[in-house]
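Letter by letter, the chains look like this.
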Amino acid sequence: MQIPADRLRNLAQAIFQRGGSDEGEATQVAERLIEANLFGHDSHGVGMVPAYVNGLQSGELNPGIDVTVEHDRGSFLLVNGNAGYGQVVAAATMELAIERAKELGVAVVGLKNRYHIGRVGAWGEMCAAAGFISIHYVNVFSSNSVVAPFGGSDSRFTTNPYCTALPARNGAEPIVLDMATSRVAMGKVRVAHNKGEQMMPDALIDSQGNPTNDPGVMYSEPKGALRTMGLHKGYGLAVICEALAGAFTGAGTFGPEHLSPGRIINNMLSVLIDPGAFGEREAFDDEIEKFTKWVKASPPAPGVDEVLVPGEPERKSRTERLQNGVPIDDITFEELLAAGEAVGLARDEAMRIIGN
Ligand code: NAD
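Residues numbered from 1 in each chain as written. Predicted model: local features only at pLDDT ≥ 70, side-chain atom pairs only at ≥ 80, totals over all residues. Heavy atoms only, no water.

1. Thoughts on the pattern of salt bridges
Inference 1: This model, assessed by the stated rule, comprises 25 salt bridges.
Inference 2: The shortest N-O distance in the salt bridge between Arg263 and Glu60 comes to 2.9 Å. One end of the pair, Arg263, is in the loop between helix H7 (231-248) and strand S11 (264-273); the other, Glu60, is in the loop between helix H3 (49-57) and strand S2 (68-73), with 203 residues separating them in the sequence. Here Arg263 matches Glu60 in class, with each residue buried.
Inference 3: With its nearest N and O atoms 2.5 Å apart, the salt bridge here joins Glu125 to Arg119.
Inference 4: In the salt-bridge network here, residues are joined through shared partners; they are Arg32, Glu35, Arg119, Glu125 and Asp178. (Salt bridge = Lys/Arg side-chain N within 4 Å of Asp/Glu carboxyl O. Helix = DSSP H or I, 4+ residues; strand = E, 2+ residues; numbered from the N terminus. Buried < 20%, exposed > 50% of the residue type's maximum accessible area, 1.4 Å probe, protein only.)

Structure below.
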């Protein structure tokens, strides 16, 4: 089914309010999830609501939480998210980071111990809108590991996302590279599994380490694993994310001691840089504009409509989905209704919010 974005947002908001958030927090979290759906990343959209309800019920996610600044020295800030909603504590932390970068030209900001952060690109876009280049390295503590190291045959860490966002001249759109270091995000395996679809051939291994395109290997015992993107190179970047988000911030790197049911804790190192630090901001904008034009002028390969730069596919998706609604498969919809019931939102009330 295709559901208008505002109705889905209202349903998610109602569930979060029943789960203990005030209206402001519930709205902020719901809007970020819907934004992920609009951007085409259903893996990080309202399909995460059941996982968040699970987090609330297992005590791994705390509603109504403020951040605590643990370390504040010049351009270095370390913030504890106190296992609050990632969407809320990351926004508060990025505001602190932007203030610091305005003052000093650079900010190196650790954010540890906050519940699932969603699309990392959201935080890159926030920094870009304030005029800063930003680089974000993220690691994840979860109920289980999901990604195998290059050459390994079982999972040892998770999908460690990475993002770099570049600000654009006033009124232009930023370049946003925002990605899991696994071949695909785990949520995309969930979506394929729910839809009964197969994955691409290089995304998964079974429990013996053999390549497979069956998403079911992540939902049966003994479990298979996701592969890193770009073979050894993506694996290398995943290790760097673990080191910078986990070891450097003091949050910790992934290991059995961080496994816990209902847990999706993200730690993140963000580096914000003034694009005019080495010259005129104008010159930076000119070069980005020139290079973007140059690469986009490459004649599209057979079967391709247009050469895009990172961030463009998401914006195209948003335009289309704002018009046509967000596609939600039956299993995800049923899981949403069940998550609502688990926090006391009756099915008929949920259906009324959705408009059915
Ligand atoms: P993806 O593979 O769909 O896209 C990755 C990047 O490639 C994006 O920047 C996109 O704009 C760009 N891109 C895609 N197609 C392109 C094209 N044809 N031309 C040019 N650029 C193109 O993303 P993904 O790896 O599946 O990640 C999805 C989301 O999951 C991201 O928002 C990521 O932050 C999020 N994520 C979050 C967590 C977490 O723990 N919070 C973990 C993993 C992933």
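2. Quick word on the pairing of S2
Regular strands place side chains that alternate from one sheet face to the opposite one.
Inference 1: Two strands pair when backbone bridges link them, and S2 and strand S3 (residues 76-80) are joined in this way by five bridges, in the antiparallel orientation. The residue of S3 that forms the bridge with Asp72 is Leu77.
Inference 2: Joining the antiparallel neighbours S2 and S3 is a turn of two residues, in which Gly74 adopts a positive phi near 60 degrees. (Pairing = 2+ DSSP bridges.)

3. Focus on unusual backbone geometry
Inference 1: That bond from Glu221 to Pro222 is cis: its omega, -10 degrees, falls within 30 degrees of zero.
Inference 2: Tracing the sequence through the fold places Pro222 in the loop between strand S9 (211-212) and strand S10 (225-226).
Inference 3: Residue Asn82 is not a glycine yet carries a positive backbone phi of 50 degrees.
Inference 4: With respect to the secondary-structure elements, Asn82 resides in the loop between S3 and helix H4 (86-104).
Inference 5: Even without being a glycine, Ala83 presents a positive backbone phi close to 55 degrees.
Inference 6: Along the chain, the position of Ala83 falls in the loop between S3 and H4.

4. Section: helix H10 (residues 330-342)
The periodicity of an α-helix, 3.6 residues per turn, causes residues three or four places apart in sequence to face the same way.
Inference 1: Along its 13 residues, H10 runs 18 Å from first to last C-alpha, staying within 8% of the 18 Å computed at 1.5 Å per residue.
Inference 2: If you check which residues of H10 are buried, you get Thr332, Phe333, Leu336, Leu337, Ala339 and Gly340. Buried residues along H10 cover an arc of 160 degrees about the axis, so they all sit on one side.
Inference 3: Looking at the packing, one finds that the buried side of H10 touches strand S1 (2-3), helix H1 (5-18), H3, helix H6 (186-195) and helix H11 (347-354).
Inference 4: By the N-cap criterion, in which a side-chain oxygen at the helix start approaches the backbone nitrogen of a residue two or three places on, H10 is capped by Asp329, the distance to Ile331 being 3.1 Å.
Inference 5: Following H10 by one or two positions, Gly344 has its phi on the positive side, about 95 degrees. (Expected span 1.5 Å × (residues − 1). Arc of directions from axis to C-beta. Contact = heavy atoms within 4.5 Å. Polar contact = N/O pair within 3.5 Å; in protein donor to acceptor, adjacent residues only side chain to side chain.)

5. Digging into the side chain of Asn139
Inference 1: On the secondary structure map, Asn139 appears in strand S5 (residues 133-142).
Inference 2: Of the residues examined, Asn139 reaches a relative accessible area of 0% and is grouped as buried.
Inference 3: One polar contact links the side chain of Asn139 to the main-chain carbonyl oxygen of Gly252, over a distance of 3.2 Å.

6. Overview of the pairing of S11
Inference 1: Of all ten residues making up S11, nine are buried, and the element is well covered by its neighbours.
Inference 2: Strand direction decides the pairing type here: strand S4 (residues 106-115) and S11, joined by eight bridges, are antiparallel. Within S11, the position partnered with Leu111 by the bridge is Met268.
Inference 3: As defined by bridge partners, S5 adjoins S11 across ten bridges and the pair is classed as antiparallel. In the strand pairing of S11, Ser134 is matched with Leu272.

7. Some thoughts on the domain arrangement of the protein
Frequently, the measure chosen for interface size is the accessible area removed from exposure when the parts meet.
Inference 1: Split into domains, the protein comes out as domain 1 (1-58 + 331-356), domain 2 (61-182 + 230-277) and domain 3 (186-227).
Inference 2: The C-alpha centroid of domain 3 is placed 26 Å from the C-alpha centroid of domain 2.
Inference 3: Contacts between the two partners involve ten residues from domain 2 and, on the opposite side, eleven residues from domain 3.
Inference 4: Of the roughly 630 Å² buried at the junction of domain 2 and domain 3 (both faces included), carbon and sulfur atoms supply 63%. (Domains from an automatic or database assignment. Buried area = accessible area lost by both parts, 1.4 Å probe.)

8. Some words on the nonpolar core
One recurring pattern in soluble globular proteins is that nonpolar side chains are buried together.
Inference 1: Core analysis: the largest hydrophobic core is formed by 55 residues, its most contacted members being Leu8, Phe16, Val46, Val49 and Tyr52.
Inference 2: If you list the elements that add at least two residues to this core, you get H1, helix H2 (23-38), H3, S5, H6, S11, H10 and H11.
Inference 3: Top contributing element to this core by residue count: H1, with seven residues.
Inference 4: Residues in contact with Leu8, not counting those within four places in the same chain, are Ile3, Ile34, Val46, Val326, Ile328, Leu336 and Ile354.
Inference 5: Val79, Ala91, Phe132 and Val176 belong to the second largest nonpolar core, which has 25 residues in total. (Core = buried A, V, L, I, M, F, W, Y, C linked by side-chain atoms within 4.5 Å.)

9. Some details on the site of the ligand
Inference 1: Among the 24 residues in the neighbourhood of the ligand, the closest are listed as Asp178, Ala180, Lys188, Gly311 and Glu314.
Inference 2: In the model, a nitrogen atom of the ligand is placed 3.1 Å from a nitrogen or oxygen of the His44 side chain.
Inference 3: Separating an oxygen atom of the ligand from a side-chain N or O atom of Glu314 is a distance of 2.6 Å.
Inference 4: Considered on its own, the ligand offers 860 Å² of accessible surface; in the complex 78% of this is hidden by protein.
Inference 5: If you list the elements that add at least two residues to the shell around the ligand, you get strand S7 (175-179) and helix H9 (312-324).
Inference 6: A per-element tally of the shell around the ligand places S7 first, with four residues.
Inference 7: A class-by-class count of the residues in the shell around the ligand yields 13 nonpolar, seven polar and four charged. (Near = heavy atom within 4 Å. Areas by Shrake-Rupley, 256 points an atom, 1.4 Å probe, with all protein chains shown as cover. Nonpolar A, V, L, I, M, F, W, Y, C, P; charged D, E, K, R; others polar.)

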